[in-house]
Amino acid sequence: MTEIMMPWSAHINLDNGLLWHPRRIITRHLSDMADMYRDPDAVKAELESRDPLVYRVDEIEVPQEVGHLLYSVTVIYPGKVGDEFYMTKGHFHVREECAEVYVGLQGRGYLLMQTRDGWCTHLEMQRGTVAYVPPYWAHRTINIGHEPFVFYAIYPAQAGHDYRSIEETGFGMRVVERNGQPVLIPNEQHGG
Ligand code: M6P
Ligand code: ZN
């Protein structure tokens, strides 16, 4: 029998990006993604003194089934490892045919996207940007500013996260600071 869920609402604090509702909170520190940054010496030096919180994801709780929509609010804190800006791990969807929509709420960021055959592109995001991640594109977000970069994401609940491909090959581009500005450079370690 079809189970009927009661309608409900949540609340996003637009000042700090945090979601108020029963939810799952995911926090990622530098040590959780140490191998993803380009400069191992910078990672090591940083981890010797502290293990900074790079980003936080607040998710609502819905069944991860076809028909439901899952959404989350991500806060990427400002910062760099060496000259590389703080970023999310990035993932393909397990169900690669699932798209995703991002809405910028605060700060400035890049949304880096890449196909399986290595086509890599990016979009700039700020408050009010609505970015569409089409099916079959891996996606990673990067804080390129001096304040938290906050965005809302919504996607089919069955999408799932595949981190392994990105852990193995990385993205084709990295975002680093040059003369105070964010610059995309090719990723020499990219194996895709
Ligand atoms: C967005 C969505 C989430 C994702 C989060 C952090 O909120 O795409 O599904 O979990 O960003 O990105 P990642 O899972 O790659 O660390
Ligand atoms: Zn996704």
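Computed from a predicted structure; not experimentally measured.

Section: the coordination of the zinc ion (ligand 2)
Protein-derived coordination of the zinc ion (ligand 2) comes from H91 (NE2), H93 (NE2), E100 (OE) and H139 (NE2), at a distance range of 2.0 to 2.2 Å. Motif for the zinc ion (ligand 2), donor spacing along one chain: H-x1-H-x6-E-x38-H. Of this pair, E100 sits in strand β9 (residues 100-106) while H139 sits in strand β13 (residues 138-143); the two residues are 39 residues apart in sequence, bridging distant segments of the chain. Taken individually, E100 and H139 each receive the classification buried, so the pair is uniform in this respect.

As for the packing of aromatic side chains
As enumerated under the stated definition, the model contains 5 aromatic pairs in all. On the basis of an interplanar angle of 25° and a centroid distance of 6.5 Å, the ring pair of W8 and Y71 is categorised as stacked. Separated by 63 residues along the polypeptide, W8 in the segment before β1 (11-12) and Y71 in strand β5 (residues 69-76) bring together distant segments of the chain. One aromatic cluster is present, formed by W8, Y71 and Y152 through successive ring pairs. Lying over the aromatic face of Y163, K89 brings its terminal NZ or CZ to 4.8 Å of the ring centre. The ring of F92 has R116 sitting right over it, with the charged end atom 3.8 Å from the ring centre.

Structural notes on the nonpolar core
Of all hydrophobic cores here, the largest spans 34 residues; its most connected members are Y37 and I142. Per-element accounting of this core gives the leading share, 4 residues, to strand β10 (residues 109-114). The residues contacting Y37, other than those within four sequence positions of it, are L30, V43, V54, V81, E84, F85, Y86, M87 and R174. In this structure, I60, L105, V150 and Y155 belong to the second largest nonpolar core, which totals 14 residues.

Examining the sheet that holds β9
The strand order across the open sheet formed by 6 strands is β3-β4-β5-β14-β9-β12, and the pairing between neighbours is antiparallel. On the outer flanks of this sheet lie β3 (23-29) and β12 (130-133), each paired with one strand and no other. Strand-to-strand twist across the sheet, computed as the mean angle between neighbouring axes with direction ignored, equals 20°. As judged from the 4 bridges shared by β9 and β12, these two strands associate in the antiparallel manner. Directly across from Y102, in β12, lies its bridge partner A131.

Cut-off values and rules
Residues numbered from 1 in each chain as written. Chains lettered and ligands numbered in written order. Predicted model: local features only at pLDDT ≥ 70, side-chain atom pairs only at ≥ 80, totals over all residues. Heavy atoms only, no water. Donors = N, O, S within 2.8 Å, 3.2 Å for Na, K, Ca; no water. Helix = DSSP H or I, 4+ residues; strand = E, 2+ residues; numbered from the N terminus. Buried < 20%, exposed > 50% of the residue type's maximum accessible area, 1.4 Å probe, protein only. Phe/Tyr/Trp six-rings, centres within 6.5 Å; stacked < 30°, edge-to-face > 60°. Lys NZ or Arg CZ within 6 Å of the ring centre and 35° of its normal. Core = buried A, V, L, I, M, F, W, Y, C linked by side-chain atoms within 4.5 Å. Contact = heavy atoms within 4.5 Å. Pairing = 2+ DSSP bridges. Axes fitted to C-alpha atoms, helices over the stretch in contact; angles between N-to-C directions.

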